[in-house]
Each structure stands twice: as structure tokens, then as C-alpha cells.
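Fold and geometry: a report
Here is what each chain is made of, one letter per residue.
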Amino acid sequence: MKVSIIGGGGLVGSSAAYALQTGGKVSHVCLIDANADAAKGHAYELLNASALTSDVRVTAGTMDEIATTDVVVITAGLRRKPDESRLDLINRNVDLFLSLLGDVTKAGLKKSAYLVVVSNPVDVLTYLAVQRAGLPWQRVLGLGTQLDTARFRGTLGQMLGVPPSQINALILGEHGDSMVPIWSSAAVNGLPMAQWPGYTPALGAKAFEDTKTAGATLIKLKGGSSMAVGHSIREVVEAIADDTRRVLPVSTLQQGLYGLRDVCLSVPTIVGCGGCRQQIHLTLTQKEQQGLEQSARVLREIIDQVEARIGKVRAEASTTSAASAGPRGNAVPAGLQRPIPRAAWGK
């Protein structure tokens, strides 16, 4: 499987390439960036490391590579200027993203390809991609709260003295201020977290607050997040490549599950061949359900503001396309009942 990373010359894109190289599950990673020298430099350094990691080919290229790409990952984005409003930053990133998405489709994006959106605001951009990329909605995934969930598990593990890999806890909703911790299903290796020695509601509240502010903390300490987001991207791409059907909190188009519609946000999602194979409905507490609904309202408001400037993106044709491309809610897409072996992927 070939993965092309748009923004591969940057901190997040290059970290994703390194994570994919160490994972060894894909055959080729191509780095594409407006700064061609940076992309070439990262590709060259990863070549230097290849004898010590895996046989994944890492190269630098241009948009011409998209026509032969199986998974397109978009990490390119703009940082906030001093005194810039949140909406102004959103508008600049929307403009950049739509420009890149236009270049991707013009380059010959395959109908069988996948699009993984990482750039922020990720849920809003994922929604725009669903409408404009020309792919079935199941094949457009935003990184969503995948990174937030990893941060949450790591923080809880550290606080409780437990390996983070044994922490089962989800963050759902928006990748942003309205994200929702799902305490009702939180566990330590299957044991209810609320009953775990040392756990208290105050500890949980501190862990969630640290999770929400992790991005700002990393910007202050080292300029931004890179390694954790790289591994978060790897987990999504590898779930597609190996059809592992892992349950991941990625951002996908909502069409009725949890009473949410016409936004992209994170719910528990089975990810494998075909992309979003199923969106899972959990029994949530009233507070958790209200939190998801608030996330949807926040995101819908931002989308409305964006559409007021660029025009409606949910035209009648795109609505029909999204509906005909697959099922709504938590149904399994037709034709995806059986796994496709990795050997079937083009190299």
C-alpha cells in the first residue's frame, strides 16, 4: 500500500512517515510538501534509518504521485498569527485545505483511495472533504479524537501507575474544546476505572484537563505535537492497510447515530478495509450524550460560518453521492463483509 503525506516536510507529516516506517505495514511512503527540500531531507534521513527499521520505501515527490496512491494523508496547515481570531485562522486553513484538495482531485485521486485528514480544524475539514473529494463517505476519515484518546490513556496510566496500554478510555466528539470524556465505559484492563485503587473523580478531572490542554502545553514547551500524532496517524493507516478492524475514535460523517447529523466528529468506529466499516452506538450517560450534542452544535456553527463565506458545500449532488456511497448510521457498508488480504493491495 502506498501512502502519500501532503505536508510531509513538516513536523507532523515527517513524524507520521517515521511512525509508518517503524511500523513496517505499508510498502511505500511519499512525502509531498510546498517546501520540496524539506520533504527530500526527511525522505533522505528516513532512507538512512531504513536498514535499522523496515523495508518501507520512503521518497519525496509531487502531486503527480497522487494518481498511484492508496491513502492520502493531509497534515499541511497554518499556525495562528499574533492577535488573530480563531475564525480568521479557521478561514485561512479552510482556504489552504480546499486548495490542496482541489490539487489532489485534479492529480487523479483513485476512486478506491482513502483520505485521512489531520489538519485543523480537523472535524470541519473532514466534513468539507466528504462533500468535495468525490469519495464514498466511509473512505474519508479525520484523525479526530484519536490523538486526544491516546493522550488521555497515557495521562491516566501515569496517574494511576498502570501501563497506558491497559487503560481503556475514550474521548469522543470534537477535536477541540467541546471534546467529551466517556467515563461510563472507562476501565483498566476490563476492570471498572471508578473502582480502581487510587482513582477519584478529582484525579479523573485533572487527567481530562491535562488532555484538553496537552496541545497548548506542547506548543509552549517544544513548538507543537509531533511524535504522538505521528503514531496516531500510523494506527489509522495500518488499520486500513491490514484490515484489522480496530475500534478507533476517528472523525466521520454522522447521519443519525447518537441523534447527530450533517457534521463530522468522533464516535467509536470500526476501521479496516473500506475505511469506516461501522460506527458503534454506546449507551452513554445523559451528561455524555449532551456533551456529544454540544460538540455537534459547535461544529455545525463553525461550518455555517465557513459556508456563509465560501458558499454551501452540501449541494444536492454531494448529498446524493454520500448517501448512495454506503449505508447510514452504524450499518456495515455493502461489499465489505469479507476481509481483503494485504497481498491484494498494489505495491
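Fair warning: this is a prediction, and the values are worked out from it, not measured in the lab. (Residues numbered from 1 in each chain as written. Predicted model: local features only at pLDDT ≥ 70, side-chain atom pairs only at ≥ 80, totals over all residues. Heavy atoms only, no water.)

1. Observations concerning the overall build of the protein
Secondary structure summary: the protein contains 10 helices and 14 strands in total. The C-alpha radius of gyration of the protein comes to 19 Å, within 12% of the 20 Å expected for a compact globule of 347 residues. Reported as C-alpha extents along the three principal axes, the dimensions of the protein are approximately 55 × 50 × 50 Å. Counting the 347 residues in the protein, one finds 52% classified as buried. Taking all contacts inside the protein whose residues are at least 6 apart in sequence as the whole, residues at least 24 apart take part in 73%. About 15,100 Å² of surface is accessible on the protein, with carbon and sulfur atoms providing 55% of the total. For the protein, the centre of its 35 positive side-chain charges and the centre of its 29 negative side-chain charges are spaced 4 Å apart. (Helix = DSSP H or I, 4+ residues; strand = E, 2+ residues; numbered from the N terminus. Rg over C-alpha atoms; globule rule 2.2 N^0.38 Å. Buried < 20%, exposed > 50% of the residue type's maximum accessible area, 1.4 Å probe, protein only. Contact = heavy atoms within 4.5 Å. Areas by Shrake-Rupley, 256 points an atom, 1.4 Å probe, with all protein chains shown as cover. Lys, Arg positive; Asp, Glu negative; His and termini not counted. Charge placed at Lys NZ, Arg CZ, Asp CG, Glu CD.)

2. Focus on the side chain of Thr211
Checked against the element boundaries, Thr211 lands in helix 6 (residues 201-212). The buried category is assigned to Thr211, whose relative accessible area is 1%. Side-chain polar atoms of Thr211 contact the backbone oxygen of Ala207, separated by 2.8 Å. (Polar contact = N/O pair within 3.5 Å; in protein donor to acceptor, adjacent residues only side chain to side chain.)

3. Looking at the nonpolar core
Counting 83 residues, the largest nonpolar core has Val3, Ile5, Ile6, Val29, Val73 and Leu115 as the members making the most contacts within it. Residue contacts for Ile6: discarding those within four places in its chain leaves Ile32, Met63, Ile66, Val72, Val73, Ile74, Thr75, Ala76, Leu100 and Val104. (Core = buried A, V, L, I, M, F, W, Y, C linked by side-chain atoms within 4.5 Å.)

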